[in-house]
Amino acid sequence: MVLDTFGDSIKKIFSKVTGYSLVDKEKVDALVIELQRALIQADVDIELIAELSGRIKNNVLKKDLPKGMSMKEVLVKNLYDELVWFLGEKSNGLELKKQRILLIGLFGAGKTTAAGKLAKWFQTRGLQAGLVACDVHRPAAQDQLEQNAKRINAPVYRDGKGADGVAKEAVKKSKEHVMIFDSAGRDALDGELAKELKALSKTVNPDEVFLVIPAELGQAARTQASEFSKLVGITGIIITKMDGTAKGGAALAACRAAGTSVRFIGTGEKIGDLEVYDPKRFIGRLIGYGDIEGLMEKAKEAGMSEDVAKRIMDGKFTMRDFQEQIKSMKGMGSMTKMLDMLPGGSSALKKKLPDGFLSNQEEKMKKWEFAINSMTPHERENPEDITSSRIKRIASGSGMREDEVRHMMKSYKQIKKVMKMTKGGKAFKRGPFANIAKQFGMG
Ligand SMILES: Nc1nc2c(ncn2[C@@H]2O[C@H](COP(=O)(O)OP(=O)(O)OP(=O)(O)O)[C@@H](O)[C@H]2O)c(=O)[nH]1
Ligand SMILES: [Mg+2]
């Protein structure tokens, strides 16, 4: 089902962008369309999507990009920022004060579990919490809450007639800072449930009413969030079972679309598996990078300077570009990075290269830099004019042997050819690296 793929599509979009060596208007447009598709499938409001796409395009395609940032980095940052924006506000959790919290929601949403988790959350922040068992429909429900309470040594209140009666008694007796009221679930929010919840709410007079929604609801969370909002009133949402489904992103987007705010997410069955909701953290987890900095690093790493990339695309890749490329590859992994720029099979190829192959290349490149420094500006821009006599001069100027300079010229030409061919993405099948590829069983 399409709903399951929200996280996957977002992940795909990010890995696509970070893998690009050059971002142009065409790519931005295509990515925005892909993002729109993912959001539409997650049932995000069309107007919201239009707003978000417009902002991304504006920021990325404008003339003056932020200083020192490439179009690609701006795109990654904007995609990230906009996704964070549309997945809703970062929650502050709950105030650490005396208060009453009512948990409501449909059958099996995770209310009783969340009650225990919230009590624990307060305990670890120095506040005592009592649990109130207002689910009187199912005989075992009160026992279940009591078991959760015992695990964390929290008092449980369960005496009284009916949900309302239990709540009244608890309000009278409780001495804890925080009271958490568990309520009964239903199949659907019908008139009866609405009536019961309204009555309970009147008795409890809660500071917070949290709707508990399981993540697997995906986009259907939107209807549920707005219905509960309208019929009984809520102050926030707890999305549970984020650990067990790929629909978490869709559920979060849906709550945002319903105009409600997610306050906590449940990430497991254990009592400590509760997190204050933070969209940045969620996106980070979704796309596999801890934070935007990591992502930006990734965007930088996999690319080359946009100038150089553009010149390659235009069929120009002069000695000067070659030199810039060499310069930008400082220290270990430089040749590796060069390979990374080639689409398809580069990491697999790297694994197959013998030890030392890449570091030898790096040694060589250091020498090459000297040689390029010994060239005249004209030679750097027009390497095809480098004749034998010029090679002699360059060799003596850089302390290299003539054959080393010739070898460098050959490598430059090969790389130029490969770079040009990467436009078609067939570099390894046909390009000069085909030999290497063949040698290591990848041709
Ligand atoms: N994996 C996972 N399981 C959860 C999470 N929260 C709750 N559960 C499980 O979901 C099931 C239902 O949870 P309950 O807390 O009983 O749900 P409820 O809303 O009280 O259910 P009713 O009282 O029957 O309406 C239990 O098996 C819980 O262990 C979560 O964040 N992750
Ligand atoms: Mg329950």
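The notes below deal with the structure included here. (Residues numbered from 1 in each chain as written. Chains lettered and ligands numbered in written order. Predicted model: local features only at pLDDT ≥ 70, side-chain atom pairs only at ≥ 80, totals over all residues. Heavy atoms only, no water.)

### Considering the site of ligand 1
Ligand 1 sits among 20 residues. The nearest are Gly 110, Lys 111, Thr 112, Thr 113 and Asp 243. Arg 138 has a polar side-chain atom sitting 3.3 Å from an oxygen atom of ligand 1. Here an oxygen atom of ligand 1 and a backbone polar atom of Lys 241 are 3.0 Å apart. Surface burial for ligand 1 is 81%, taken as the share of its 650 Å² of free accessible area covered by protein chains. Considering each element in turn, the shell around ligand 1 owes the most residues, four residues, to helix α5 (residues 111-123). The residue makeup of the shell around ligand 1, split by class, is three nonpolar, ten polar and seven charged. (Near = heavy atom within 4 Å. Polar contact = N/O pair within 3.5 Å; in protein donor to acceptor, adjacent residues only side chain to side chain. Areas by Shrake-Rupley, 256 points an atom, 1.4 Å probe, with all protein chains shown as cover. Helix = DSSP H or I, 4+ residues; strand = E, 2+ residues; numbered from the N terminus. Nonpolar A, V, L, I, M, F, W, Y, C, P; charged D, E, K, R; others polar.)

### Thoughts on the nonpolar core
Membership of the largest hydrophobic core comes to 73 residues, with the highest contact counts inside it found for Phe 228 and Ile 239. Residue contributions to this core reach at least three from each of two domains, namely domain 1 (2-89) and domain 2 (99-277). When sequence neighbours within four positions are dropped, the list of residues in contact with Phe 228 reads Ile 104, Gly 105, Leu 106, Leu 189, Leu 193, Leu 197, Leu 211, Gly 233 and Ile 234. Ranked by size, the runner-up nonpolar core spans 26 residues in total, among them Leu 118, Leu 131, Ala 133 and Leu 145. (Core = buried A, V, L, I, M, F, W, Y, C linked by side-chain atoms within 4.5 Å. Buried < 20%, exposed > 50% of the residue type's maximum accessible area, 1.4 Å probe, protein only. Domains from an automatic or database assignment. Contact = heavy atoms within 4.5 Å.)

### Here we look at the sheet that holds strand β1 (residues 99-104)
Strands sit in the order β3-β2-β4-β1-β5-β6-β7-β8 across an open sheet of eight strands; the sheet is mixed. Of all strands in the sheet, those bounded by a partner on one side alone are β3 (156-157) and β8 (274-276). When strand β5 (residues 208-214) meets strand β6 (residues 236-240), the two strands line up parallel, connected through five bridges. Across the sheet, Leu 211 pairs through a bridge with Ile 237, a residue of β6. The strands touched by helix α10 (residues 248-257) are β5, β6 and β7 (262-266); relative to β6, the strand with the most contacts, the crossing angle is about 170°. (Pairing = 2+ DSSP bridges. Axes fitted to C-alpha atoms, helices over the stretch in contact; angles between N-to-C directions.)

### Concerning the pairing of β5
Judged by how many residues are buried, β5 sits mostly within the fold: seven of seven residues are covered. Side chains Glu 208, Phe 210, Val 212 and Pro 214 project from β5 onto one buried face, and the interleaved Val 209, Leu 211 and Ile 213 project onto a second face that is buried too. Where β1 meets β5, four bridges bridge the pair, whose relative direction is parallel. Within β5, the position partnered with Ile 101 by the bridge is Glu 208. In this fold, the crossover linking β5 to β6 by way of helix α9 (residues 221-231) has right-handed handedness. (Right-handed = clockwise from strand over helix to strand, strands pointing away.)

### Some thoughts on the packing of aromatic side chains
Tallied over the entire structure, the rule returns three aromatic pairs. Ring centres of Trp 121 and Phe 122 lie 5.2 Å apart, and the angle between their planes is 90°; this geometry places the pair in the edge-to-face category. Of the two residues, Trp 121 and Phe 122, neither departs from the other in class, the shared state being buried. With centroids separated by 6.3 Å and ring planes inclined at 55°, the aromatic side chains of Phe 210 and Phe 264 adopt a geometry described as tilted. Here Phe 210, found in strand β5, pairs with Phe 264, found in strand β7; they are 54 residues apart in sequence, far enough to count as distant. Taken as a pair, Phe 210 and Phe 264 share a single burial class, namely buried. Three or more aromatic residues joined by ring pairs make a cluster, and in this case those are Trp 121, Phe 122, Phe 210 and Phe 264. Just above the ring of Trp 85 sits the side chain of Arg 256; from NZ or CZ to the centre is 4.6 Å. (Phe/Tyr/Trp six-rings, centres within 6.5 Å; stacked < 30°, edge-to-face > 60°. Lys NZ or Arg CZ within 6 Å of the ring centre and 35° of its normal.)

### What about the environment of Gly 130?
Structurally, Gly 130 can be placed in strand β2 (residues 129-133). The class of Gly 130 is buried, set by a relative accessible area of 0%. With residues near it in sequence (within four places) discarded, Gly 130 still touches Pro 155, Tyr 157, Glu 176, Val 178, Met 179 and Ile 180.

### Concerning the packing of helix α3 (residues 46-61) against helix α4 (residues 71-86)
Here α3 crosses α4 at 155°, and the two axes come no closer than 9 Å. Comparing the axis directions of α3 and α4 gives the class roughly antiparallel. As for the relative orientation of α3 and α4, their crossing is right-handed in sense. In this structure, α3 contributes Leu 48, Glu 51, Leu 52, Arg 55, Ile 56, Asn 59, Val 60 and Leu 61 to the contact, and α4 contributes Met 71, Val 74, Leu 75, Asn 78, Leu 79, Glu 82, Trp 85 and Phe 86. Looking at the contact of α3 with α4 residue by residue, the classes come out as eleven nonpolar, two polar and three charged. (Parallel < 35°, antiparallel > 145°, perpendicular 65-115°, else oblique. Left-handed = near helix turned anticlockwise from the far one by under 90°.)

### Description of the pattern of salt bridges
Here the structure, examined in full by the defined rule, presents 21 salt bridges. We note a salt bridge from Arg 186 to Asp 190, for which the minimum N-O separation is 3.8 Å. By relative accessible area, Arg 186 is classed as buried at 13%. With a relative accessible area of 34%, Asp 190 lands in the partly exposed category. The closest approach of N and O atoms between Asp 403 and Arg 401, which form a salt bridge, is 2.9 Å. What makes Arg 401 exposed here is its relative accessible area of 51%. Counted as one network, the salt bridges with shared partners bring together Lys 367, Arg 401, Asp 403 and Glu 404. (Salt bridge = Lys/Arg side-chain N within 4 Å of Asp/Glu carboxyl O.)

### Brief notes about the environment of Thr 318
In this fold, Thr 318 is placed in the loop between α13 (306-313) and α14 (319-328). Through-space distance from the C-alpha of Thr 318 to that of Arg 380 is 6.2 Å; in sequence the pair is 62 residues apart.

### Points about helix α19 (residues 388-398)
Buried within α19 we find Ile 391, Ile 394, Ala 395 and Ser 398. The buried residues of α19 all sit within an arc of 100° when viewed along its axis, so they share a single face. The outward face of α19, more than 90 degrees from its buried face, is lined by the exposed residues Ser 389, Lys 392, Ser 396 and Gly 397. Gly 399 sits one or two residues past α19 and shows a positive phi near 70°. (Arc of directions from axis to C-beta.)

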